Amino acid sequence: MIVLKFGGSSVADAACMRQVARLAEAALPHAPLVVLSAMGKTTNGLFDAAKAAEAGDLAEAMSRQRALMAAHRKAAEELFDGAVPESLDVALTDLFGELELLLRGVAMLRELSARSMDAIASLGERLSTRIFAAFVGGAWVDARTVLRTNEVFGEAAPQQAAIHSLAEMHLKPQLAPGRVVVTQGYIGATEDGLTTTLGRGGSDYSAALFGAALGAEEVQIWTDVEGVLTCDPRIVPEALPIPDLSFAEAAELAAFGAKVLHPATIQPAVEAGIPVTVRHTQKPEGRFTTISAEVRSGRPITALASRGPVTVLTVSSTRMLAQSGFLARLFEVFGRRGVSVDLVATAEVSVSLTVEADVPLKPLLQDLSAFATVEIHEGRAIIAAVGERLKSTPGLGARLLTALGDINVEMISMGANEINLSLVVKEERTAEALRRLHQVLMGSAL
Ligand code: ADP
Ligand code: ASP
Ligand code: MG
(Lines give C-alpha, C1' and ligand atoms only; values in the text may rest on other atoms or scores of the structure.)
(Ligands and ions follow the chains in the order given, each with its own letter.)
Protein backbone atom coordinates (compact mmCIF):
# COMPACT_ATOMS: atom_id res chain seq x y z
CA MET A 1 0.00 0.00 0.00
CA ILE A 2 1.00 3.63 -0.27
CA VAL A 3 0.20 6.72 1.78
CA LEU A 4 -0.71 9.96 0.02
CA LYS A 5 -0.79 13.05 2.20
CA PHE A 6 -2.28 16.29 0.89
CA GLY A 7 -1.61 19.58 2.66
CA GLY A 8 -4.00 22.47 3.23
CA SER A 9 -3.38 24.21 -0.08
CA SER A 10 -3.98 20.93 -1.94
CA VAL A 11 -7.52 20.68 -0.54
CA ALA A 12 -8.29 24.40 -0.31
CA ASP A 13 -11.49 24.29 -2.40
CA ALA A 14 -13.64 22.07 -4.60
CA ALA A 15 -11.36 22.41 -7.63
CA CYS A 16 -8.34 21.38 -5.57
CA MET A 17 -10.25 18.44 -4.11
CA ARG A 18 -11.15 17.25 -7.61
CA GLN A 19 -7.45 17.18 -8.46
CA VAL A 20 -6.72 15.24 -5.25
CA ALA A 21 -9.47 12.79 -6.22
CA ARG A 22 -7.77 12.27 -9.59
CA LEU A 23 -4.46 11.52 -7.89
CA ALA A 24 -6.12 9.15 -5.41
CA GLU A 25 -7.81 7.40 -8.30
CA ALA A 26 -4.51 7.00 -10.12
CA ALA A 27 -3.15 5.35 -6.96
CA LEU A 28 -6.02 2.85 -6.70
CA PRO A 29 -3.94 -0.21 -7.66
CA HIS A 30 -1.66 0.55 -4.70
CA ALA A 31 -4.35 0.37 -2.00
CA PRO A 32 -4.02 4.08 -1.14
CA LEU A 33 -4.46 5.58 2.28
CA VAL A 34 -5.23 9.28 1.74
CA VAL A 35 -4.25 11.49 4.68
CA LEU A 36 -5.67 15.00 4.49
CA SER A 37 -4.98 18.31 6.18
CA ALA A 38 -7.69 20.82 6.89
CA MET A 39 -8.91 22.87 3.90
CA GLY A 40 -6.70 25.89 3.15
CA LYS A 41 -6.25 28.03 6.22
CA THR A 42 -9.04 26.39 8.23
CA THR A 43 -6.76 25.52 11.15
CA ASN A 44 -5.77 29.19 11.48
CA GLY A 45 -9.48 30.07 11.38
CA LEU A 46 -10.21 27.60 14.17
CA PHE A 47 -7.40 29.04 16.29
CA ASP A 48 -8.71 32.57 15.70
CA ALA A 49 -12.25 31.55 16.62
CA ALA A 50 -11.01 29.86 19.79
CA LYS A 51 -8.96 32.91 20.78
CA ALA A 52 -11.93 35.21 20.21
CA ALA A 53 -14.04 32.94 22.42
CA GLU A 54 -11.35 32.92 25.10
CA ALA A 55 -11.38 36.73 25.04
CA GLY A 56 -15.13 36.55 25.68
CA ASP A 57 -16.02 37.77 22.19
CA LEU A 58 -18.62 35.15 21.35
CA ALA A 59 -20.01 37.18 18.47
CA GLU A 60 -16.62 37.18 16.75
CA ALA A 61 -16.11 33.48 17.46
CA MET A 62 -19.51 32.66 15.99
CA SER A 63 -18.91 34.81 12.96
CA ARG A 64 -15.69 32.88 12.29
CA GLN A 65 -17.53 29.62 12.83
CA ARG A 66 -20.12 30.68 10.24
CA ALA A 67 -17.43 31.71 7.76
CA LEU A 68 -15.81 28.29 8.07
CA MET A 69 -19.18 26.62 7.71
CA ALA A 70 -19.96 28.61 4.57
CA ALA A 71 -16.60 27.71 2.97
CA HIS A 72 -17.04 24.00 3.69
CA ARG A 73 -20.63 23.93 2.52
CA LYS A 74 -19.68 25.77 -0.64
CA ALA A 75 -16.98 23.21 -1.42
CA ALA A 76 -19.43 20.37 -0.80
CA GLU A 77 -22.12 22.01 -2.97
CA GLU A 78 -19.67 22.48 -5.81
CA LEU A 79 -18.31 18.95 -5.61
CA PHE A 80 -21.80 17.45 -5.73
CA ASP A 81 -23.26 20.01 -8.17
CA GLY A 82 -25.74 21.17 -5.56
CA ALA A 83 -26.89 17.67 -4.59
CA VAL A 84 -24.97 17.09 -1.36
CA PRO A 85 -25.80 13.60 -0.09
CA GLU A 86 -27.86 13.63 3.08
CA SER A 87 -25.28 11.66 5.07
CA LEU A 88 -22.63 14.31 4.32
CA ASP A 89 -25.05 17.11 5.07
CA VAL A 90 -25.81 15.55 8.46
CA ALA A 91 -22.10 14.98 9.17
CA LEU A 92 -21.28 18.63 8.42
CA THR A 93 -24.18 19.86 10.56
CA ASP A 94 -22.97 17.69 13.44
CA LEU A 95 -19.37 18.85 13.15
CA PHE A 96 -20.31 22.53 13.05
CA GLY A 97 -22.69 21.95 15.95
CA GLU A 98 -19.77 20.47 17.89
CA LEU A 99 -17.61 23.47 17.01
CA GLU A 100 -20.31 25.86 18.18
CA LEU A 101 -20.68 24.02 21.49
CA LEU A 102 -16.93 24.04 22.10
CA LEU A 103 -16.66 27.75 21.29
CA ARG A 104 -19.59 28.61 23.54
CA GLY A 105 -17.98 26.62 26.35
CA VAL A 106 -14.68 28.44 25.93
CA ALA A 107 -16.43 31.82 25.78
CA MET A 108 -18.48 31.09 28.86
CA LEU A 109 -15.45 30.17 30.93
CA ARG A 110 -13.08 32.53 29.12
CA GLU A 111 -10.61 29.73 29.39
CA LEU A 112 -8.86 27.98 26.55
CA SER A 113 -6.79 25.03 27.69
CA ALA A 114 -4.49 23.20 25.28
CA ARG A 115 -6.91 20.33 25.59
CA SER A 116 -9.87 22.43 24.48
CA MET A 117 -7.79 23.92 21.68
CA ASP A 118 -7.01 20.45 20.34
CA ALA A 119 -10.68 19.49 20.38
CA ILE A 120 -11.43 22.64 18.37
CA ALA A 121 -8.44 22.32 16.02
CA SER A 122 -9.35 18.70 15.21
CA LEU A 123 -12.46 19.87 13.39
CA GLY A 124 -10.52 21.12 10.37
CA GLU A 125 -9.25 17.68 9.39
CA ARG A 126 -12.48 15.96 10.39
CA LEU A 127 -14.41 18.28 8.06
CA SER A 128 -12.09 18.08 5.04
CA THR A 129 -11.92 14.28 5.20
CA ARG A 130 -15.71 13.92 5.49
CA ILE A 131 -16.25 15.95 2.36
CA PHE A 132 -13.49 14.25 0.41
CA ALA A 133 -14.44 10.70 1.44
CA ALA A 134 -18.03 11.33 0.41
CA PHE A 135 -16.88 12.75 -2.93
CA VAL A 136 -14.63 9.81 -3.85
CA GLY A 137 -16.96 7.25 -2.27
CA GLY A 138 -14.09 6.06 -0.08
CA ALA A 139 -13.97 4.64 3.42
CA TRP A 140 -13.61 7.27 6.17
CA VAL A 141 -11.50 6.30 9.17
CA ASP A 142 -11.32 8.40 12.32
CA ALA A 143 -7.56 8.85 12.84
CA ARG A 144 -8.21 9.03 16.56
CA THR A 145 -8.97 5.31 16.63
CA VAL A 146 -5.42 4.63 15.38
CA LEU A 147 -3.06 7.50 16.10
CA ARG A 148 -2.52 6.99 19.83
CA THR A 149 -0.55 9.74 21.57
CA ASN A 150 0.44 10.86 25.04
CA GLU A 151 -1.46 13.66 26.78
CA VAL A 152 0.70 16.60 25.80
CA PHE A 153 -2.10 18.52 24.14
CA GLY A 154 -1.02 20.77 21.30
CA GLU A 155 2.23 18.88 20.74
CA ALA A 156 1.37 15.28 21.51
CA ALA A 157 3.95 12.52 21.08
CA PRO A 158 2.76 9.47 19.17
CA GLN A 159 3.00 6.03 20.75
CA GLN A 160 4.24 3.95 17.90
CA ALA A 161 3.76 0.46 19.32
CA ALA A 162 0.10 1.19 20.06
CA ILE A 163 -0.35 2.85 16.65
CA HIS A 164 1.03 -0.27 15.02
CA SER A 165 -1.51 -2.59 16.60
CA LEU A 166 -4.40 -0.11 16.22
CA ALA A 167 -3.54 0.26 12.52
CA GLU A 168 -3.65 -3.53 12.14
CA MET A 169 -7.08 -3.50 13.70
CA HIS A 170 -8.76 -0.43 12.22
CA LEU A 171 -6.92 0.47 9.03
CA LYS A 172 -5.46 -2.64 7.49
CA PRO A 173 -8.79 -4.44 7.02
CA GLN A 174 -10.08 -1.43 5.07
CA LEU A 175 -7.16 -1.16 2.67
CA ALA A 176 -7.38 -2.90 -0.66
CA PRO A 177 -6.45 -2.23 -4.28
CA GLY A 178 -9.29 -0.40 -5.99
CA ARG A 179 -10.42 1.33 -2.82
CA VAL A 180 -9.63 4.76 -1.36
CA VAL A 181 -9.36 4.97 2.42
CA VAL A 182 -9.42 8.50 3.82
CA THR A 183 -8.20 9.65 7.21
CA GLN A 184 -7.03 12.81 8.98
CA GLY A 185 -3.54 14.12 9.46
CA TYR A 186 -2.54 16.16 12.52
CA ILE A 187 -4.98 14.62 15.00
CA GLY A 188 -4.82 11.70 17.39
CA ALA A 189 -6.19 10.61 20.74
CA THR A 190 -4.99 9.49 24.14
CA GLU A 191 -5.70 6.08 25.55
CA ASP A 192 -8.76 7.63 27.24
CA GLY A 193 -10.03 8.85 23.90
CA LEU A 194 -9.22 12.53 24.40
CA THR A 195 -8.47 14.35 21.16
CA THR A 196 -4.88 15.53 20.69
CA THR A 197 -2.85 17.15 17.90
CA LEU A 198 0.75 16.63 16.81
CA GLY A 199 1.53 20.36 16.55
CA ARG A 200 1.10 22.70 13.60
CA GLY A 201 2.01 21.18 10.28
CA GLY A 202 1.67 17.74 11.87
CA SER A 203 -0.12 16.02 8.98
CA ASP A 204 3.22 15.09 7.39
CA TYR A 205 4.14 13.37 10.63
CA SER A 206 0.79 11.52 10.69
CA ALA A 207 1.40 10.29 7.15
CA ALA A 208 4.81 8.88 8.10
CA LEU A 209 3.39 7.28 11.25
CA PHE A 210 0.59 5.60 9.30
CA GLY A 211 3.05 4.54 6.61
CA ALA A 212 5.41 3.00 9.15
CA ALA A 213 2.59 1.22 10.99
CA LEU A 214 1.26 -0.24 7.75
CA GLY A 215 4.59 -1.04 6.12
CA ALA A 216 3.83 1.25 3.18
CA GLU A 217 5.89 1.06 -0.02
CA GLU A 218 6.06 4.83 -0.10
CA VAL A 219 4.82 7.90 1.75
CA GLN A 220 3.93 10.68 -0.70
CA ILE A 221 3.72 14.22 0.63
CA TRP A 222 1.69 16.22 -1.91
CA THR A 223 2.01 19.97 -1.56
CA ASP A 224 2.38 23.23 -3.51
CA VAL A 225 6.05 22.95 -4.53
CA GLU A 226 7.95 20.51 -6.76
CA GLY A 227 9.63 18.76 -3.88
CA VAL A 228 12.13 19.98 -1.34
CA LEU A 229 13.90 22.96 -2.85
CA THR A 230 17.40 24.30 -2.30
CA CYS A 231 15.89 27.08 -0.17
CA ASP A 232 12.51 28.43 0.88
CA PRO A 233 11.10 29.74 -2.44
CA ARG A 234 9.31 32.57 -0.67
CA ILE A 235 12.72 33.95 0.26
CA VAL A 236 14.80 32.76 -2.68
CA PRO A 237 12.55 32.54 -5.77
CA GLU A 238 15.30 30.93 -7.86
CA ALA A 239 15.49 27.93 -5.48
CA LEU A 240 15.53 24.61 -7.35
CA PRO A 241 13.95 21.25 -6.60
CA ILE A 242 16.32 18.64 -5.20
CA PRO A 243 15.82 15.27 -6.93
CA ASP A 244 17.01 13.17 -4.03
CA LEU A 245 17.85 13.64 -0.40
CA SER A 246 19.24 11.32 2.24
CA PHE A 247 17.16 10.80 5.38
CA ALA A 248 19.81 12.68 7.36
CA GLU A 249 19.74 15.69 5.05
CA ALA A 250 15.95 15.84 5.06
CA ALA A 251 15.77 15.54 8.83
CA GLU A 252 18.28 18.38 9.30
CA LEU A 253 16.48 20.60 6.81
CA ALA A 254 13.13 20.01 8.46
CA ALA A 255 14.54 20.60 11.94
CA PHE A 256 16.18 23.83 10.80
CA GLY A 257 13.12 25.40 9.31
CA ALA A 258 12.32 23.99 5.86
CA LYS A 259 8.57 24.17 6.39
CA VAL A 260 7.84 21.76 3.56
CA LEU A 261 8.21 18.84 6.01
CA HIS A 262 7.21 18.66 9.67
CA PRO A 263 10.47 18.14 11.61
CA ALA A 264 9.46 14.73 13.01
CA THR A 265 8.27 13.27 9.71
CA ILE A 266 11.47 11.51 8.79
CA GLN A 267 11.99 9.44 11.93
CA PRO A 268 9.18 6.88 11.50
CA ALA A 269 10.09 6.55 7.82
CA VAL A 270 13.76 5.96 8.62
CA GLU A 271 12.93 3.33 11.19
CA ALA A 272 10.69 1.50 8.78
CA GLY A 273 12.97 2.08 5.77
CA ILE A 274 10.16 3.67 3.77
CA PRO A 275 10.98 6.22 1.06
CA VAL A 276 9.25 9.58 1.35
CA THR A 277 8.56 11.62 -1.77
CA VAL A 278 7.54 15.28 -1.89
CA ARG A 279 5.40 16.21 -4.91
CA HIS A 280 3.40 19.08 -6.40
CA THR A 281 -0.36 18.39 -6.40
CA GLN A 282 -0.98 20.66 -9.37
CA LYS A 283 2.01 19.32 -11.33
CA PRO A 284 1.96 15.58 -10.72
CA GLU A 285 4.06 14.94 -13.84
CA GLY A 286 6.64 17.48 -12.77
CA ARG A 287 9.77 17.17 -10.70
CA PHE A 288 9.73 15.77 -7.18
CA THR A 289 12.06 14.82 -4.36
CA THR A 290 12.76 11.31 -3.16
CA ILE A 291 14.04 10.95 0.38
CA SER A 292 15.39 7.52 1.14
CA ALA A 293 18.04 5.48 2.87
CA GLU A 294 19.64 4.62 -0.46
CA VAL A 295 20.44 8.19 -1.37
CA ARG A 296 24.02 9.34 -1.03
CA SER A 297 23.86 12.73 -2.58
CA GLY A 298 27.56 13.37 -2.20
CA ARG A 299 26.92 17.07 -2.63
CA PRO A 300 28.94 19.49 -0.51
CA ILE A 301 25.85 21.61 0.14
CA THR A 302 22.36 20.45 -0.74
CA ALA A 303 20.12 23.14 0.66
CA LEU A 304 19.79 26.11 2.98
CA ALA A 305 17.19 26.68 5.66
CA SER A 306 16.58 29.16 8.43
CA ARG A 307 14.75 29.36 11.67
CA GLY A 308 14.03 32.34 13.85
CA PRO A 309 13.66 34.18 16.04
CA VAL A 310 15.94 32.41 18.49
CA THR A 311 17.74 33.74 21.54
CA VAL A 312 21.48 33.37 22.03
CA LEU A 313 22.70 32.92 25.59
CA THR A 314 26.39 33.38 26.26
CA VAL A 315 27.32 31.83 29.57
CA SER A 316 30.67 32.88 31.04
CA SER A 317 32.49 31.67 34.07
CA THR A 318 36.20 32.41 34.35
CA ARG A 319 36.29 30.36 37.49
CA MET A 320 34.81 27.21 36.15
CA LEU A 321 34.89 26.81 32.44
CA ALA A 322 38.24 25.07 32.23
CA GLN A 323 37.29 22.68 34.99
CA SER A 324 35.82 19.31 34.38
CA GLY A 325 32.10 19.05 34.98
CA PHE A 326 31.24 22.62 33.98
CA LEU A 327 29.30 21.68 30.87
CA ALA A 328 27.51 18.94 32.79
CA ARG A 329 26.45 21.48 35.38
CA LEU A 330 25.40 23.95 32.71
CA PHE A 331 23.26 21.52 30.77
CA GLU A 332 21.80 20.04 33.92
CA VAL A 333 20.08 23.42 34.41
CA PHE A 334 18.60 23.36 30.90
CA GLY A 335 17.55 19.73 31.36
CA ARG A 336 15.87 20.42 34.69
CA ARG A 337 14.04 23.44 33.30
CA GLY A 338 12.94 21.44 30.27
CA VAL A 339 14.57 23.85 27.81
CA SER A 340 16.03 22.33 24.69
CA VAL A 341 19.21 23.78 23.25
CA ASP A 342 19.78 23.93 19.50
CA LEU A 343 23.30 25.10 18.81
CA VAL A 344 26.30 25.12 21.08
CA ALA A 345 29.68 26.74 20.57
CA THR A 346 32.36 26.85 23.23
CA ALA A 347 35.25 29.24 23.78
CA GLU A 348 37.86 29.38 26.50
CA VAL A 349 35.77 31.27 29.03
CA SER A 350 32.28 31.09 27.64
CA VAL A 351 29.68 28.84 26.07
CA SER A 352 27.16 30.23 23.59
CA LEU A 353 23.94 28.43 22.93
CA THR A 354 20.63 29.08 21.23
CA VAL A 355 17.15 28.48 22.60
CA GLU A 356 13.70 29.14 21.17
CA ALA A 357 12.57 32.76 21.51
CA ASP A 358 9.56 31.88 23.64
CA VAL A 359 11.50 30.03 26.35
CA PRO A 360 10.90 31.59 29.78
CA LEU A 361 14.35 32.91 30.63
CA LYS A 362 13.84 33.99 34.20
CA PRO A 363 14.04 30.60 35.92
CA LEU A 364 17.00 29.61 33.74
CA LEU A 365 18.91 32.77 34.55
CA GLN A 366 18.18 32.35 38.21
CA ASP A 367 19.77 28.90 38.24
CA LEU A 368 22.70 29.85 36.03
CA SER A 369 23.55 32.92 38.08
CA ALA A 370 24.68 30.58 40.88
CA PHE A 371 27.84 29.82 38.95
CA ALA A 372 28.05 31.96 35.82
CA THR A 373 27.14 35.24 34.18
CA VAL A 374 24.82 35.22 31.20
CA GLU A 375 24.53 37.60 28.27
CA ILE A 376 21.29 37.51 26.31
CA HIS A 377 20.88 38.35 22.63
CA GLU A 378 17.35 38.17 21.34
CA GLY A 379 16.04 38.46 17.80
CA ARG A 380 18.59 36.17 16.17
CA ALA A 381 18.10 33.50 13.52
CA ILE A 382 19.83 30.25 12.70
CA ILE A 383 20.87 29.68 9.12
CA ALA A 384 21.69 26.08 8.31
CA ALA A 385 23.62 24.81 5.33
CA VAL A 386 22.92 21.13 4.89
CA GLY A 387 24.92 18.75 2.74
CA GLU A 388 26.66 15.42 2.87
CA ARG A 389 30.18 16.61 2.16
CA LEU A 390 30.24 19.86 4.07
CA LYS A 391 33.12 18.97 6.26
CA SER A 392 35.26 17.28 3.66
CA THR A 393 35.02 20.03 1.06
CA PRO A 394 37.99 22.35 1.45
CA GLY A 395 37.36 26.06 1.22
CA LEU A 396 33.63 25.83 1.80
CA GLY A 397 33.72 27.73 5.09
CA ALA A 398 35.67 30.53 3.49
CA ARG A 399 33.25 30.78 0.56
CA LEU A 400 30.35 30.80 2.94
CA LEU A 401 31.66 33.59 5.11
CA THR A 402 32.81 35.58 2.09
CA ALA A 403 29.36 35.31 0.54
CA LEU A 404 27.85 36.81 3.66
CA GLY A 405 29.94 39.93 3.23
CA ASP A 406 28.96 42.54 5.80
CA ILE A 407 26.41 40.32 7.52
CA ASN A 408 27.87 39.63 10.90
CA VAL A 409 28.03 35.99 11.99
CA GLU A 410 27.61 35.79 15.73
CA MET A 411 28.00 32.07 16.21
CA ILE A 412 29.06 29.07 14.11
CA SER A 413 28.40 25.43 14.82
CA MET A 414 29.13 22.34 12.77
CA GLY A 415 27.74 18.98 13.73
CA ALA A 416 30.06 16.00 13.85
CA ASN A 417 27.73 14.26 11.42
CA GLU A 418 29.18 16.49 8.68
CA ILE A 419 25.74 17.34 7.53
CA ASN A 420 24.88 20.66 9.01
CA LEU A 421 26.78 23.90 9.32
CA SER A 422 24.82 26.48 11.26
CA LEU A 423 25.35 30.19 11.58
CA VAL A 424 23.62 32.71 13.78
CA VAL A 425 22.84 36.17 12.41
CA LYS A 426 20.52 39.00 13.37
CA GLU A 427 17.03 37.96 12.39
CA GLU A 428 16.36 40.97 10.19
CA ARG A 429 19.27 39.93 7.96
CA THR A 430 18.09 36.34 7.43
CA ALA A 431 16.53 36.78 4.00
CA GLU A 432 19.50 38.71 2.68
CA ALA A 433 21.92 36.14 4.09
CA LEU A 434 20.02 33.29 2.47
CA ARG A 435 19.92 35.05 -0.89
CA ARG A 436 23.64 35.76 -0.83
CA LEU A 437 24.52 32.23 0.25
CA HIS A 438 22.20 30.70 -2.30
CA GLN A 439 23.68 32.71 -5.12
CA VAL A 440 27.25 31.80 -4.28
CA LEU A 441 26.88 28.24 -3.05
CA MET A 442 23.88 26.79 -4.85
CA GLY A 443 24.25 28.46 -8.22
CA SER A 444 25.49 25.37 -10.00
CA ALA A 445 24.77 22.85 -7.28
CA LEU A 446 22.22 20.56 -8.88
P1 ADP B 1 1.25 21.90 3.09
O2 ADP B 1 0.06 22.74 3.40
O3 ADP B 1 1.13 21.15 1.82
O4 ADP B 1 1.69 21.05 4.23
P5 ADP B 1 3.32 23.80 3.71
O6 ADP B 1 2.94 25.21 3.52
O7 ADP B 1 3.35 23.26 5.08
O8 ADP B 1 2.41 22.93 2.75
O9 ADP B 1 4.76 23.54 3.07
C10 ADP B 1 5.03 23.90 1.74
C11 ADP B 1 5.72 25.26 1.72
O12 ADP B 1 6.98 25.14 2.39
C13 ADP B 1 6.08 25.75 0.35
O14 ADP B 1 5.00 26.43 -0.26
C15 ADP B 1 7.26 26.67 0.63
O16 ADP B 1 6.84 28.00 0.70
C17 ADP B 1 7.74 26.27 2.02
N18 ADP B 1 9.17 25.89 2.06
C19 ADP B 1 10.07 26.33 2.96
N20 ADP B 1 11.28 25.82 2.72
C21 ADP B 1 11.17 25.01 1.65
C22 ADP B 1 12.07 24.19 0.92
N23 ADP B 1 13.37 24.09 1.25
N24 ADP B 1 11.59 23.49 -0.12
C25 ADP B 1 10.30 23.57 -0.47
N26 ADP B 1 9.40 24.33 0.18
C27 ADP B 1 9.81 25.05 1.22
N1 ASP C 1 -4.02 21.55 9.57
C2 ASP C 1 -2.85 21.53 10.44
C3 ASP C 1 -2.13 22.85 10.40
O4 ASP C 1 -2.53 23.74 9.66
C5 ASP C 1 -1.92 20.39 10.16
C6 ASP C 1 -1.31 20.37 8.79
O7 ASP C 1 -1.81 21.01 7.87
O8 ASP C 1 -0.29 19.67 8.63
O9 ASP C 1 -1.19 23.03 11.12
MG1 MG D 1 2.83 21.42 5.98
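Residues numbered from 1 in each chain as written. Chains lettered and ligands numbered in written order. Predicted model: local features only at pLDDT ≥ 70, side-chain atom pairs only at ≥ 80, totals over all residues. Heavy atoms only, no water.

A. Main features of the sheet that holds strand S10 (residues 289–292). If you trace the eight strands from one edge of the open sheet to the other, you get S3-S4-S2-S1-S7-S9-S10-S8, paired in mixed fashion. Of all the strands in the sheet, just strand S3 (139–141) and strand S8 (244–246) have a single pairing partner and so form its edges. Between one strand axis and the next, the sheet turns through 20° on average, direction left out of account. Both S8 and S10 contribute to a ladder of three bridges, which runs parallel. Bridge assignment links Asp 244 to a residue of S10, and that residue is Thr 290. This element, helix H5 (residues 114–136), spans strand S2 (33–36), S3 and strand S4 (181–184) of the sheet and lies at about 170° to S4. (Pairing = 2+ DSSP bridges. Helix = DSSP H or I, 4+ residues; strand = E, 2+ residues; numbered from the N terminus. Axes fitted to C-alpha atoms, helices over the stretch in contact; angles between N-to-C directions. Contact = heavy atoms within 4.5 Å.)

B. Focus on the environment of Met 39. Take Met 39: it is sitting in the loop between S2 and helix H2 (42–54). Met 39 gets classed as buried once you look at its relative accessible area, which sits at 5%. It is 40 Å that separates the C-alpha atoms of Met 39 and Ile 376, two residues lying 337 residues apart in sequence. Contact partners of Met 39, with chain neighbours within four places excluded, come to Gly 8, Val 11, Ala 12, Asp 13, Met 17, His 72, Ala 75, Ser 128 and Ile 131. (Buried < 20%, exposed > 50% of the residue type's maximum accessible area, 1.4 Å probe, protein only.)

C. Molecular detail of empty space enclosed by the protein. The full count for this structure, using the stated rule, is one cavity of 30 Å³ or more. Considering only enclosed or pocket space, the largest cavity measures out at about 40 Å³ in volume. Lining the largest cavity are Val 228, Leu 245, Ala 250, Leu 253, Ala 254, Ala 258, Val 260 and Leu 261. If one sorts the elements of the lining of the largest cavity by residue count, helix H8 (residues 247–255) sits on top with three residues. The class makeup of the residues in the lining of the largest cavity is eight nonpolar, no polar and no charged. (1 Å grid on protein atoms, 1.4 Å probe; cavity = no way out; pocket = protein on both sides within 12 Å on 5 of 7 lines; lining within 4 Å. Points joined across faces, edges and corners; volume = space filled by probe spheres on them. Nonpolar A, V, L, I, M, F, W, Y, C, P; charged D, E, K, R; others polar.)

D. Region of the structure containing helix H11 (residues 361–368). Of all the positions in H11, only Leu 361, Leu 364, Asp 367 and Leu 368 are classed as buried. Buried residues of H11, seen end-on, are gathered within an arc of 135° and therefore sit on one face of the element. For H11, the exposed residues lying more than 90 degrees away from the buried face are Lys 362 and Gln 366. Taken together, the buried residues of H11 touch strand S11 (303–316), helix H10 (326–336), strand S13 (350–356) and strand S14 (373–386). (Arc of directions from axis to C-beta.)

E. Highlighting the packing of H2 against helix H4 (residues 86–109). Following both chains from N to C, one finds H2 and H4 inclined at 35°, their axes separated by 7 Å at the closest point. As H2 packs across H4, the resulting crossing turns out to be right-handed. Residue-level inspection shows Leu 46, Ala 49, Ala 50, Ala 53 and Glu 54 of H2 in contact with H4, the latter providing Leu 99, Leu 103, Val 106 and Ala 107. (Left-handed = near helix turned anticlockwise from the far one by under 90°.)

F. Main features of the site of ligand 2. Every residue near ligand 2 is listed here: Ser 37, Ala 38, Thr 43, Glu 125, Tyr 186, Arg 200, Gly 201, Gly 202 and Ser 203. In the environment of ligand 2, an oxygen atom lies 3.0 Å from a nitrogen or oxygen atom belonging to the side chain of Ser 37. Protein contacts shield 86% of the accessible area of ligand 2, which totals 260 Å² for the unbound molecule. (Near = heavy atom within 4 Å. Polar contact = N/O pair within 3.5 Å; in protein donor to acceptor, adjacent residues only side chain to side chain. Areas by Shrake-Rupley, 256 points an atom, 1.4 Å probe, with all protein chains shown as cover.)

G. Representation of the site of ligand 1. Around ligand 1 there are 17 residues in total, and Thr 223, Asp 224, Leu 229, Arg 234 and Lys 259 lie nearest to it. Gly 8 places a main-chain nitrogen or oxygen 3.2 Å from an oxygen atom of ligand 1. A distance of 2.8 Å is found between an oxygen atom of ligand 1 and a side-chain nitrogen or oxygen belonging to Asp 224. Burial of ligand 1 by the protein amounts to 89% of the accessible area it has alone, namely 580 Å². Looking at side-chain class alone, the shell around ligand 1 contains seven nonpolar, five polar and five charged residues.

H. Spotlight on the sheet that holds strand S15 (residues 411–414). If you trace the six strands from one edge of the open sheet to the other, you get S12-S13-S11-S14-S16-S15, paired in antiparallel fashion. In this open sheet, the two strands that pair with only one neighbour each are strand S12 (344–346) and S15. Shown here is a sheet whose adjacent strand axes are inclined to one another by a mean of 30°, direction ignored. Bridging between S11 and S13 involves seven bridges; their strand directions are antiparallel. Each bridged residue has a counterpart across the sheet, and for Val 312 the counterpart in S13 is Thr 354. Along the sheet, helix H13 (residues 430–442) contacts S11, S14 and strand S16 (420–426); its crossing angle with S11, the most-contacted strand, is approximately 125°.

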